[in-house]
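Single-letter residue listing:
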Amino acid sequence: MTLARQIQPITETDDQIRAALTDADLPSLLPTLAYITGDMSVLREDLRIDPALQAEEQGGLTPDQQAAIREIALTALARFRDEGRTTVNDDGDLQIIVEFMAGGVPMDDYMAMLREELALHGDDLRAPQWRKDEIAPDRDFRVAIVGCGMSGIIAAYRLKQAGVPYVIFDKNTEVGGTWMENTYPGCRVDIPNHYYSYSFAQRDDWPQFYSPQPELHRYFRQCVDEFGIRDHIRLETEVSSIEYDDDSGTWTLCLNGPGGESTYTAHAVISAVGQLNRPQYPSIEGRESFAGAAFHSARWDHGVDLTGKRIAVVGTGCSAAQFTPIIADQAASVEIFQRTPNWMFPAPTYHDDVPAGFQWLLGHVPAYREWYRFWLFYRTAETLRPIAEVDPNWPNQERSVSELNDAMREILTEALTVQYPERPDLLEKVLPQYPPASKRIIVDNGVWAKTLHRDHVQLTTTHIDKIVPEGIVTVDGVLHEVDVIIYGTGFQPSKFLTPMKVVGRHGVDLHERWNGDARAYLGTTVPGFPNFFVLYGPNTNIVVNGSIIWFSECEVRYMTDLLRATLEGGHRGLDCREDVHDAYNAEVDAENLRMVWGVSTVNSWYKNANGRVAQNWPFPLLEFWKRTKAVDESDYVPV
């Protein structure tokens, strides 16, 4: 695995290049060629993608269009080979190229954001443009980061770039967060991993389109090492409480580590513990009475041999959809207890290796990696969001909420229907009756349907009444005897920062302030808690557009700019204004009620116990980017 850009010279014959091009991703290939050659004539009008078809394979390009693009590419790459070119010519107009890739959609408002995400030449345009030794060289200022998963890693790296002293505390034995903790069979990312990576630390050599957990964990471990932050990490050290001192303007962290209990004093604290890290067990009577082995998918017990066992799987969410097909190969029987069926998005390459020709192109064509990643970003960034918007005049909103949402429902329904041609009984069970995007959509390549068709696998939709030593009793009084129960029942996302105790100014307890309804300004800061930052905080989750890594990069840039303002202004800290916080949250709540996940009545982890959507960002990505690009200091008061 390599993060460093290592473009290899082209030495292959025309026939070998032509063979590699059969594996190419074509929507990103012409933009790459225009960029590296400066020849805008390759962006032919007849080869432009139809925006309405861009979600389809190869962007909906026809076979004739695909053949023409491959011929153009062959000519260009042969010229690169013959002329011995090892550098790129990027004199072309970047906006022309981007708008061609977008199917002619104007990109004026988006260009600054998109240029960042492209990260051409390895550009890191979200890095801090300041250093502590330049603005506050003599000031003692230390930052504590809680958690060394995806967000904690980037926070540490940005602080290092800014020259701000920091330390990371993580309760686990190794870095990686969720990609260290979740080791269940089949665990993998559900967005393309060429995009699920830092914009400034991309990889050429992902082995699959959707990498399994070990590969993602390896990526984040390597980032830690290549960023040079490992020496600042204290593993197996859990933070039990964080308390602000009004007199000194510092935070005290109470720690429990290998040496026992201790404390650490910091001038700022970053919580990077995430949302999906505390397993959610169902509230079922008698759960502790079961006589066999029982565990949650996020705490997989690898000591339990599943061979020949009767296994009950409780839940049919993303984790269960990944591990159930694998354990079915070992078990004598698998009974899946489903509360609510899930919409499934067809992804034929979900388990596929990246073809050799595509790998070759990534390693030999300058900037192809960046443009391919950018294509993945663009096609999901804003173009899918409209399917989640509610049309208040649309009838029967229990099934769909707009014309676009209904069209998506038809597409997903057809994708499910063709998988159960002779099993209408199963189709009836797996076909959701709620609007698409009301809850998380599962990525699937047909393996779930194949698993449900197996003779020793049963899908049960009768609700569970209780658990007894012998197994599970459903509400119809039937006892389902099993040897093992595996809970694929998700996490507790609404319980932000638990079980840590966080006490801010004047002794205010954060969890008491929230009272089960967590809110933060830009998902990051809370009034009364100066210099305390929350990453992947309230209302920063994405549903149909983007990657959570993109959100973390934006949040961390905002956080580091707040630190700059604090140091540059000579303040002990900056505290978010209550009125700014409240007005922002009113905007978010109102917009969430315009989205399908806000109006749908289906059960979803997007909503907290009060029924409010506490997880999701409802606006376009551009809006979050604009708001987090730089701090408006008038939103804060010095303390």
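All values derive from a computational prediction rather than experimental measurement.

Comments concerning the overall build of the protein
Move 1: Regarding its fold elements, the protein presents 20 helices and 21 strands.
Move 2: Projected onto its principal axes, the C-alpha positions of the protein cover 75 × 70 × 55 Å.
Move 3: Burial statistics for the protein: of 639 residues in total, 58% are counted as buried.
Move 4: Considering only contacts within the protein whose residues lie at least 6 apart along the sequence, 73% involve residues at least 24 apart.
Move 5: Accessible surface computed for the protein: about 25100 Å², of which carbon and sulfur atoms make up 49%.

Notes on a negative patch on the surface
Move 1: Residues Glu-243, Asp-245, Asp-246 and Asp-247 make up a contiguous surface patch of negative charge.
Move 2: You can see Asp-247 is positioned in the loop between strand E4 (238-245) and strand E5 (250-257).
Move 3: Owing to a relative accessible area of 71%, Asp-247 belongs among the exposed residues under this scheme.

Things to note about the sheet that holds strand E19 (residues 532-534)
Move 1: Ordered in space as E3-E2-E1-E7-E19, the five strands form an open sheet in which the pairing is parallel. Of all strands in the sheet, those bounded by a partner on one side alone are strand E3 (233-234) and E19.
Move 2: The pairing of strand E7 (residues 268-271) with E19 spans three bridges and is classified as parallel. In the strand pairing of E19, Val-269 is matched with Phe-532.

Comments concerning the sheet that holds strand E16 (residues 479-481)
Move 1: Reading across the sheet, the three strands line up as E14-E15-E16 and stay open at both edges, with antiparallel pairing between neighbours. Here the strands that pair on one side only, and so sit at the sheet edges, are strand E14 (464-468) and E16. Strand-to-strand twist of the sheet, defined as the mean angle between neighbouring strand axes without regard to direction, takes the value 25 degrees.
Move 2: Two elements, E14 and strand E15 (residues 471-474), share four bridges in a ladder whose sense is antiparallel. In the sheet register, Ile-464 faces E15, and the bridge partner there is Thr-474.

Section: the packing of aromatic side chains
Move 1: Tallied over the full model, the rule gives 38 aromatic pairs.
Move 2: Connected via pairs of aromatic rings, a cluster forms that spans Tyr-35, Tyr-195, Trp-371, Phe-374, Phe-377, Trp-550, Phe-551, Trp-617, Phe-619 and Phe-624.
Move 3: Seen from the ring of Phe-200, Arg-158 lies directly overhead, with NZ or CZ sitting 4.5 Å from the centre.
Move 4: If you follow Arg-188 out to its NZ or CZ, it ends over the ring of Tyr-350, 5.7 Å from the centre.

With respect to the nonpolar core
Move 1: With 176 residues, the main nonpolar core has Tyr-198, Phe-220, Trp-371 and Trp-550 as its most contacted residues.
Move 2: For this core, the element with the most residues is helix H17 (residues 548-568), which contributes 12 residues.
Move 3: Within the second largest apolar cluster, 25 residues are counted, among which are Tyr-244, Val-269, Val-502 and Trp-514.

Topic: the pairing of strand E17 (residues 484-487)
Move 1: Of the two faces of E17, both are covered, the one formed by Val-484 and Ile-486 as well as the one formed by Ile-485 and Tyr-487.
Move 2: Sheet analysis places strand E8 (residues 293-296) next to E17, joined by four bridges and oriented parallel. Considered in E17, the bridge of Phe-295 is made with Ile-486.
Move 3: Relative to E17, strand E9 (residues 310-314) is paired through four bridges, and the arrangement is parallel. Looking across to E17, one finds that Val-313 is bridged to Ile-486.

A look at the pairing of strand E10 (residues 333-337)
Move 1: Counting buried positions along E10 gives four out of five residues, so the element sits mostly inside the fold.
Move 2: Judged from the five bridges that link them, E9 and E10 form a sheet pairing that is parallel. Residue pairing across strands places Ile-311 opposite Val-334, the latter belonging to E10.
Move 3: With respect to chirality, the unit in which E9 leads through helix H10 (residues 318-327) into the neighbouring parallel E10 is right-handed.
Move 4: Relative to strand E13 (residues 457-460), E10 runs parallel, the two being bridged by four bridges. Its bridge partner being in E13, Phe-337 is matched across the sheet by Thr-460.

Focus: the packing of helix H5 (residues 111-118) against helix H20 (residues 621-628)
Move 1: Axis separation between H5 and H20 bottoms out at 10 Å; the angle between their running directions is 90 degrees. One finds that H5 runs roughly perpendicular with respect to H20. From H5, Ala-112, Met-113 and Glu-116 reach across to H20, where they touch Leu-621, Leu-622 and Trp-625.
Move 2: Of the residues in the contact of H5 with H20, the class split is five nonpolar, no polar and one charged.

As for empty space enclosed by the protein
Move 1: Considering all chains together, one arrives at three cavities of 30 Å³ or more under this definition.
Move 2: Empty space within the largest cavity amounts to approximately 60 Å³.

Description of the environment of Val-105
Move 1: Mapped onto the fold, Val-105 is located in the loop between helix H4 (94-101) and H5.
Move 2: Of the residues examined, Val-105 reaches a relative accessible area of 31% and is grouped as partly exposed.
Move 3: Look past the residues within four positions of Val-105 in its chain and what remains in contact with it is Pro-51, Glu-99 and Tyr-378.

Some remarks on the pattern of salt bridges
Side chains that differ in charge, positive against negative, can pair when their charged atoms come close.
Move 1: In this structure the tally under the stated criterion is 43 salt bridges.
Move 2: Between Asp-82 and Arg-81 there is a salt bridge, with its nearest N and O atoms 2.8 Å apart.
Move 3: Taking the relative accessible area as the measure of exposure, Arg-81 reaches 21% and is therefore partly exposed.
Move 4: The salt bridge partner of Arg-203 is Glu-215, with a shortest N-O separation of 2.9 Å. Taken together, the positions of Arg-203 in the loop between helix H8 (178-181) and helix H9 (213-227) and Glu-215 in helix H9 put the pair 12 residues apart, joining distant regions of the chain.
Move 5: Relative accessible area serves as the criterion here: at 2%, Arg-203 is assigned to the buried category.
Move 6: Residue Glu-215 is classed as buried on the basis of its relative accessible area, which comes to 12%.
Move 7: Connected via shared salt-bridge partners are Glu-116, Glu-117, Arg-126, Arg-373, Glu-553, Arg-557 and Lys-629.

Here we look at helix H18 (residues 578-592)
Move 1: Helix length check: H18, at 15 residues, gives a terminal C-alpha distance of 21 Å against a target of 21 Å (1.5 Å per residue), a fit within 8%.
Move 2: Taken together, the buried residues of H18 touch helix H16 (510-514), strand E20 (574-576), helix H19 (596-599) and H20.

Some remarks on the environment of Gln-330
Move 1: Checked against the element boundaries, Gln-330 lands in the loop between H10 and E10.
Move 2: Separated by 20 residues in sequence, Gln-330 and Arg-310 have C-alpha atoms that sit 9.9 Å apart.
Move 3: When residues no more than four places from it in sequence are discounted, the contact partners of Gln-330 are Leu-306, Thr-307 and Gly-308.

Brief notes about the side chain of Asn-182
Move 1: Its location among the elements puts Asn-182 in the loop between H8 and H9.
Move 2: Judged by relative accessible area, which is 4%, Asn-182 ranks as buried.
Move 3: Within the local environment of Asn-182, its side chain forms a polar contact with the side chain of Thr-178, the two groups lying 3.0 Å apart.
Move 4: When neighbours within four sequence positions are excluded, Asn-182 is seen to be in contact with Cys-187, Gln-213, Ala-298 and Phe-491.

Cut-offs and rules
Residues numbered from 1 in each chain as written. Predicted model: local features only at pLDDT ≥ 70, side-chain atom pairs only at ≥ 80, totals over all residues. Heavy atoms only, no water. Helix = DSSP H or I, 4+ residues; strand = E, 2+ residues; numbered from the N terminus. Buried < 20%, exposed > 50% of the residue type's maximum accessible area, 1.4 Å probe, protein only. Contact = heavy atoms within 4.5 Å. Areas by Shrake-Rupley, 256 points an atom, 1.4 Å probe, with all protein chains shown as cover. Patch = residues over 30% accessible without salt bridge, like charges linked within 9 Å, V, L, I, M, F, W, Y side chains within 5 Å. Salt bridge = Lys/Arg side-chain N within 4 Å of Asp/Glu carboxyl O. Lys, Arg positive; Asp, Glu negative; His and termini not counted. Charge placed at Lys NZ, Arg CZ, Asp CG, Glu CD. Pairing = 2+ DSSP bridges. Axes fitted to C-alpha atoms, helices over the stretch in contact; angles between N-to-C directions. Phe/Tyr/Trp six-rings, centres within 6.5 Å; stacked < 30°, edge-to-face > 60°. Lys NZ or Arg CZ within 6 Å of the ring centre and 35° of its normal. Core = buried A, V, L, I, M, F, W, Y, C linked by side-chain atoms within 4.5 Å. Right-handed = clockwise from strand over helix to strand, strands pointing away. Parallel < 35°, antiparallel > 145°, perpendicular 65-115°, else oblique. Nonpolar A, V, L, I, M, F, W, Y, C, P; charged D, E, K, R; others polar. 1 Å grid on protein atoms, 1.4 Å probe; cavity = no way out; pocket = protein on both sides within 12 Å on 5 of 7 lines; lining within 4 Å. Points joined across faces, edges and corners; volume = space filled by probe spheres on them. Expected span 1.5 Å × (residues − 1). Polar contact = N/O pair within 3.5 Å; in protein donor to acceptor, adjacent residues only side chain to side chain.

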